[in-house]
Amino acid sequence: METLRELDQQLFLLLNGFHTPVLDYFMMFISQTIAWIPLYAYLLYLIVREHKKESWIILICIAITIVLTDRITSGLMKPYFLRLRPSHEPALQHLVHLVKQRNGEFYKGGLYGFASSHAANTFGIATFFFLLLRPTHRWIGLLFAWAILVTYSRIYLGVHYPGDVLAGALVGAVCAWIVFRLYRFYKYRSHHP
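Let us look at the structure shown here. (Residues numbered from 1 in each chain as written. Predicted model: local features only at pLDDT ≥ 70, side-chain atom pairs only at ≥ 80, totals over all residues. Heavy atoms only, no water.)

So, the environment of L142
Here's step 1: Along the polypeptide, L142 turns up in the loop between α5 (117-133) and α6 (143-156).
Here's step 2: In sequence terms L142 and R71 are 71 residues apart; their C-alpha atoms lie 26 Å from each other. (Helix = DSSP H or I, 4+ residues; strand = E, 2+ residues; numbered from the N terminus.)

Structure follows, in structure tokens:
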């Protein structure tokens, strides 16, 4: 276990070390939910356009996915594992590249980081939409590139180890898959009483 932790730290320092002032602002921006409102609006448009009266159940499923991913990572895993974020790890503080916020303070996130809620939420959304729309939209797999970019921004900002985001991505994908299966079951039962 200690070997995995050391590898995770080394990979973190490598990935966190690729920084420039321009990327600092970009990564801080894309790490925020507000940056992706146009993407969310477009996905909402696709749901309404293609599923019309069933849109409400799909939106409920997406909400359930996000609640699950967030509660599992923030409500269960972070308090259970108590793994300090790199930005709060005393042994790494002098090695971690942190980004200043507009207020001049360095962005450090909360105290604990395993597993990443950003990774869980974005991979949950990407997986659900991939399962829902792949028959009609071949490009939908590009949502995983978006999820990877958002999760990498968390490493870049110094607030997550690669292991944090990998675990979060796995939680997100599994939750989305389960909720999608429940949606398919509901759909089948509503059409075959």
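Having put the structure on the table, let's press on.
Comments concerning the packing of aromatic side chains
Here's step 1: Counting across every chain of the model gives 13 aromatic pairs.
Here's step 2: Ring plane angle 35 degrees and centroid distance 6.1 Å describe the contact between Y42 and W139, whose orientation is recorded as tilted. Here the residue Y42 occupies a position in helix α3 (residues 37-51), and W139 occupies one in the loop between α5 and α6, the gap between them amounting to 97 residues.
Here's step 3: Judged by its relative accessible area of 37%, Y42 falls in the partly exposed class.
Here's step 4: With 5.0 Å between their ring centres and 90 degrees between their planes, Y80 and F81 make a pair best called edge-to-face.
Here's step 5: A relative accessible area of 64% places Y80 in the exposed class.
Here's step 6: Chaining the aromatic ring pairs together yields one cluster made of F128, F129, F180 and Y183. (Phe/Tyr/Trp six-rings, centres within 6.5 Å; stacked < 30°, edge-to-face > 60°. Buried < 20%, exposed > 50% of the residue type's maximum accessible area, 1.4 Å probe, protein only.)

Some words on α6
Here's step 1: Its 14 residues give α6 an end-to-end C-alpha distance of 20 Å, which sits within 8% of 20 Å, the value for a rise of 1.5 Å per residue.
Here's step 2: Residues of α6 that are buried in the fold lie against α1 (2-16), α2 (21-30), α3, α5 and α7 (162-191).
Here's step 3: One or two positions beyond α6, positive phi appears at G158, with a value near 85 degrees. (Expected span 1.5 Å × (residues − 1). Contact = heavy atoms within 4.5 Å.)

With respect to a nonpolar patch on the surface
Here's step 1: There is a patch of nonpolar side chains on the surface, built from W56, I60, I64, L68 and Y186 and spanning about 450 Å² of accessible area.
Here's step 2: Sorting elements by how many residues they give to the nonpolar patch places helix α4 (residues 55-81) first, with 4 residues.
Here's step 3: With respect to the helices, strands and loops of the structure, L68 is situated in helix α4.
Here's step 4: Overall, the relative accessible area of 33% leaves L68 in the partly exposed class. (Patch = residues over 30% accessible without salt bridge, like charges linked within 9 Å, V, L, I, M, F, W, Y side chains within 5 Å. Areas by Shrake-Rupley, 256 points an atom, 1.4 Å probe, with all protein chains shown as cover. Salt bridge = Lys/Arg side-chain N within 4 Å of Asp/Glu carboxyl O.)

A look at the nonpolar core
Here's step 1: Counting residues in hydrophobic clusters, the biggest one holds 35 residues, and the most contacted among them are I58, F128, F129, L132, W146 and L157.
Here's step 2: If you tally residues by element for this core, the top one is α5, at 8 residues.
Here's step 3: In contact with W146, not counting residues within four places along its chain, are W36, L39, Y40, T122, I125 and A126.
Here's step 4: L92, I155, Y161 and V165 belong to the second-largest nonpolar core, a separate cluster that totals 8 residues. (Core = buried A, V, L, I, M, F, W, Y, C linked by side-chain atoms within 4.5 Å.)

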